[in-house]
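Inside the fold
Residues per chain are reported as follows:
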Amino acid sequence: MSGLRIRKVAVLGAGVMGAQIAAHMVNANVETLLFELPAKEGDPNGNVNKALAGLKKLEPAPISSPARISFIEPANYEQHLDRLRECDLIIEAIAERIDWKSDLYRKVAPYVNANAIFATNTSGLSINSLAEAFPEQLRHRFCGIHFFNPPRYMHLVELIPCAGTELPLLDDLETFLVSTLGKGVVRAKDTPNFIANRIGVFSMLATKHHAAAFNLGFDMVDALTGRYLGRPKSATFRTLDVVGLDVFAHVVNTMRENLTEDPWHKHFELPSWFQYLVDQGSLGQKTKRGIYQKIGKEIHVLDLHTREYKLSDAKVDDGVKAILRERDWAKKLAGLRNSPHPQAQFLWATFRDVFHYCALNLESIANNARDLDFAVRWGFGWDNGPFEIWQAAGWQQVASWIAADISAGKAMAESPLPAWVTESGREGVHTAQGSYAPATRALQPRPQLAVYLRQAYPDHLLGEVRHYGETVFETDEVRMWHTGDDIAILSFKTKMHTVSNEVLDGILRAVDEAEQHFSALILWQSEPPFSAGANLLQLMQGVQETPDTGMLGKLKGAVNRVKYTAAGGGGVGDILNAATGNVPKVEEVVAKFQQTSMRLKYAQIPTIAAVDGLALGGGCEFSIHCSRIVATLESYIGLVEVGVGLLPAGGGCKEMAQRAANEAHNFSSDNRVDIFPYVRRYFQHIAMGEVAKSAELAREMGYLRQSDRIVMNKFELLHIAKQEARALNATAYRPPLHQRQIAVAGRTGIATLKAAMVNMLEGGFISEHDYAIGCRVADTLCGGDVEAGSLVDENWLLDLERKHFMELLATDKTQARIEHMLKSGKPLRN
């Protein structure tokens, strides 16, 4: 455990970053005070309250649930400085001016707890210079802490000590940031812009320089430098618009003023068009116009020559596109370097100069090559860091190309590569033993802090060997394995971890194996998402290949046979995965899905759904049937089948109806239980296809129970899932008893929900088919055509959802919705 327990945090400054840092603190259940200057009129906390109100409007949402904003305690510097004594961590996040920051330090220093950590959230100012304004007796507890915007979503936090910072203090702070806030921490040296901004901003400057040299427009550059290179879709210039042109100008200015000896210093300038936009107030996304402008539904881009906006229509050359689609970095970089096309030459020149810059500056800005690569990956959203790409492409070959271009005067700077780059035998900077550290000329292993023992599989780095335990069994679609203990893990191998008939077989087999040989079963994926639900493609292939006597005929025949047969299984996910050729009887696949969900629920050992990312449709249904869900904060959970004209039939409707009944009984004050308000809540979620935008919202929506766990760091997910399984077994785990008396809202509830939908239909808010789907969802959740308050069992509800699913699947409009989703990735309103 950490030596310092951080119980309460104060954030000084309620600007864009300060307010969002405070928001992420309460996302993590950390008590938080947010300070700002007192308002000149009215409530002294008016400025803070305005900032808190602004949090509700920001997209993406900085807060995991709007209800959490009330947990941030507003404060001001006139009335509440004494409250700082309560805080174990104080984060200063005011404007990037040393004089303003220094004045604030002198003001608050007398109120700082002697055992508190005081950290400045600066994006690049000198930590040692700032420390000089802090009282000498407290300076050993001062450091830099650089969150990236937006703080909830960006994984990186840079930690920067000053000359006198106590190292154990940094260890405590790193532990808090990693486990409590869920961050990836990189320790940086006190150099201008630290690591991520230093490299990321240089990469943008190099991109800008070469774009001008090769006469490429902004939208063409973005078409070339986004996902083709494993970078965010916003690529280069769209990213500038998101960051803000004024913010970028400040970072570049920091480099220009403080890096006068840098061989690339002459390139730390902004072109005239950039200053033109700033002078016009066109700062990017926040002013609705920057390098790009959205006009109606169309994206327009600034034309450098006319300085007018024109429709964005960039097209990557087909030959260059073929090179960029190459997955092997050696072939990709060789192809770009050897191609005469300006687009390819532009990309090679940018890669070359970024590699050159990283190599020459590594020793001065970072402790090792791993920290540089992770800083760029976590701070700028690259799939691979610069050194990883270089190493993957062939270290010595790329180094010789760079050296040749430097000699030929093609590079942006004349400085030769440092000697360590080309030393004999070097094949890269990352190995299984560690990453190269120029200061010691040795490999430096990963940090050894105890908090990292919670990460069985930390973020992977090129050169590291990853071993996912011992296999119990493996098929083309799933793998069951363990790490040497008595807890089994099941991972899916399908694309987006969609659920197929074979995945169902795998889960059923895994539960059998776990009951016989293990103490628990965890559903966990090595990469998100948890599961995107159904494989729609196989369904439509089956329908189209055998239109008369094949799958469609089976569907329509099955509708009549399935209405009230004995419950078994089936469900959304896997009917949709019915294979072409030997198409299993559709109702049997549906039944198997339901059987699988019920098997997870009533297994004799704890079943844990370890959720990260999307858990939609069938993925959600599996989760809600497990003994526990352990979900990362960034889990997006929902029953979304209505988007393709269906309803949840893998036990999803049944489980929500059951939860509604139980909640109604739990919250009733007497024997008169009104189930309908609870049913209506779940009906709205399912009928509208609502997805929780965080695990916290998933709990509010009823997908997570109070007993389910939310994890801040996704790399701790498997560890915490195992701990949860052990905790359940410590109390002699038994599965829940089969609930044979579930109260339902019946025909009265159905009528009420239908009446509301009729109003929406007549108002033009929903289509006829939306109404038809909604009626079937209502019928299922309310228990069918029975009296209100009737008691049914789970099988009754499973039969209902299966019946309605089958009938919808046989309709032309639902098939059209599925086909449209497959072609466009977007729902069809028909």
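Here is a short report on the structure shown in this document. Quantities reported herein were computed from a predicted structural model and do not represent experimental measurements. (Residues numbered from 1 in each chain as written. Predicted model: local features only at pLDDT ≥ 70, side-chain atom pairs only at ≥ 80, totals over all residues. Heavy atoms only, no water.)

**Side note on the overall build of the protein**
Selection rule: The secondary structure listing takes helices from DSSP runs of H or I that are at least 4 residues long and strands from runs of E that are at least 2 residues long, numbered from the N terminus. For a compact globule the rule gives 2.2 Å times the number of residues to the power 0.38, and the radius of gyration it is set against comes from C-alpha atoms. Residue exposure (1.4 Å probe, protein chains only): buried if accessible area is under 20% of the type maximum, exposed if over 50%, otherwise partly exposed. Contacts between residues were defined by any pair of non-hydrogen atoms, one from each residue, lying within 4.5 Å.
Scanning the protein for helices and strands turns up 30 helices and 23 strands. Relative to the globule expectation of 28 Å for 830 residues, the C-alpha radius of gyration of the protein, 29 Å, shows essentially globular dimensions. Summarising its shape, the C-alpha atoms of the protein cover approximately 80 × 65 × 60 Å along the three principal directions. Burial statistics for the protein: of 830 residues in total, 58% are counted as buried. In the protein, of all internal contacts separated by at least 6 residues, the share reaching a separation of at least 24 is 71%.

**A closer look at the packing of helix α24 (residues 676-687) against helix α28 (residues 768-781)**
Definition in use: To define axes, lines are fitted to C-alpha atoms, for helices over the stretch in contact only, and angles between the resulting N-to-C directions are given on a 0 to 180 degree scale. In a left-handed crossing the near helix is turned counterclockwise from the far helix by less than a right angle, and in a right-handed crossing that turn is clockwise. As a working rule, the residues Ala, Val, Leu, Ile, Met, Phe, Trp, Tyr, Cys and Pro are called nonpolar, Asp, Glu, Lys and Arg charged, and the rest polar, with Gly in that last group.
Two numbers describe how α24 lies on α28: the axes approach to 10 Å, and their chain directions differ by 145°. As α24 runs across α28, the sense of the crossing is right-handed. The residues of α28 that touch α24, namely those facing Val679, Tyr682, Phe683 and Ile686, are Gly774, Val777, Ala778 and Leu781. Among the residues forming the contact of α24 with α28, the class breakdown is seven nonpolar, one polar and no charged.

**Section: the nonpolar core**
Let me state the cut-off plainly: Residues grouped as a nonpolar core are buried Ala, Val, Leu, Ile, Met, Phe, Trp, Tyr and Cys residues, joined through side-chain atoms within 4.5 Å.
One finds Ile291, Leu333, Phe387 and Trp390 to be the most contacted residues of the largest nonpolar core, which totals 112 residues. When residues in this core are grouped by element, the largest group, 12 residues, is from helix α13 (residues 342-365). Sequence-distant contacts of Ile291, that is, excluding residues within four places in its chain, are made with Phe218, Phe237, Leu240, Asp241, Leu245, Trp273, Leu277, His300, Val301, Leu302 and Tyr309. Formed by 81 residues, the second largest nonpolar core is a distinct cluster that contains Ile629, Val679, Ala695 and Ile818.

**Quick word on the packing of aromatic side chains**
Any pair of aromatic rings gets described here by the distance separating the centres and the angle formed by the planes. Rule in force here: Think of it this way: a Phe, Tyr or Trp ring, Trp meaning its six-membered ring, pairs with another when their centres are within 6.5 Å, and the plane angle makes it stacked under 30 degrees, edge-to-face over 60, tilted otherwise.
Counted by the stated rule, this structure contains 33 aromatic pairs. Pairing Trp273 with Phe274 gives two aromatic rings, centres 5.6 Å apart and planes at 55°, and the pair type is tilted. Phe274 shares its class with Trp273; the two are buried. Their ring planes at 65° and their centres at 6.4 Å tell us that Phe387 and Trp420 sit as a pair that is edge-to-face. Here Phe387 is found in helix α15 (residues 386-392), whereas its partner Trp420 is found in the loop between α16 (395-407) and β12 (430-431), with 33 residues between them in sequence. Considered together, Phe387 and Trp420 belong to a single accessibility category, that of buried residues.

**Considering the environment of Met760**
Here Met760 shows up in helix α27 (residues 746-762). Distance in space between the C-alpha atoms of Met760 and Asn76 is 47 Å, their sequence separation being 684 residues. Residue contacts for Met760: discarding those within four places in its chain leaves Phe765 and Ile766.

**Some details on unusual backbone geometry**
In most cases, non-glycine residues show a negative phi, while peptide bonds are predominantly trans. Along the chain, Glu59 connects to Pro60 via a cis peptide bond; the corresponding omega equals -5°. If you trace the backbone, Pro60 turns up in the loop between α2 (46-55) and β3 (72-76). Positive phi values are uncommon outside glycine, yet Lys288 reaches one of about 70°. Relative to the assigned elements, Lys288 resides in the loop between α10 (272-279) and β9 (292-295).

**Focus on the pattern of salt bridges**
Two side chains carrying opposite charge are able to pair once their charged atoms lie near each other. Heads up, the rule is: For this analysis, a salt bridge means a side-chain nitrogen from Lys or Arg found within 4 Å of a carboxyl oxygen belonging to Asp or Glu.
If you walk through the whole model with that rule in mind, you get 51 salt bridges. The shortest N-O distance in the salt bridge between Asp405 and Arg352 comes to 2.9 Å. Placement of the pair is Asp405 in helix α16 and Arg352 in helix α13, with a sequence separation of 53 residues. On the basis of relative accessibility, which here comes to 4%, the residue Asp405 falls in the buried class. We note a salt bridge from Glu423 to Arg426, for which the minimum N-O separation is 2.6 Å. You can call Glu423 partly exposed: its relative accessible area is 24%. Several salt bridges converge on common partners, so that one network encompasses Lys8, Glu31, Glu73, Arg83 and Glu86.

So yeah, pure geometry; function would need other evidence.
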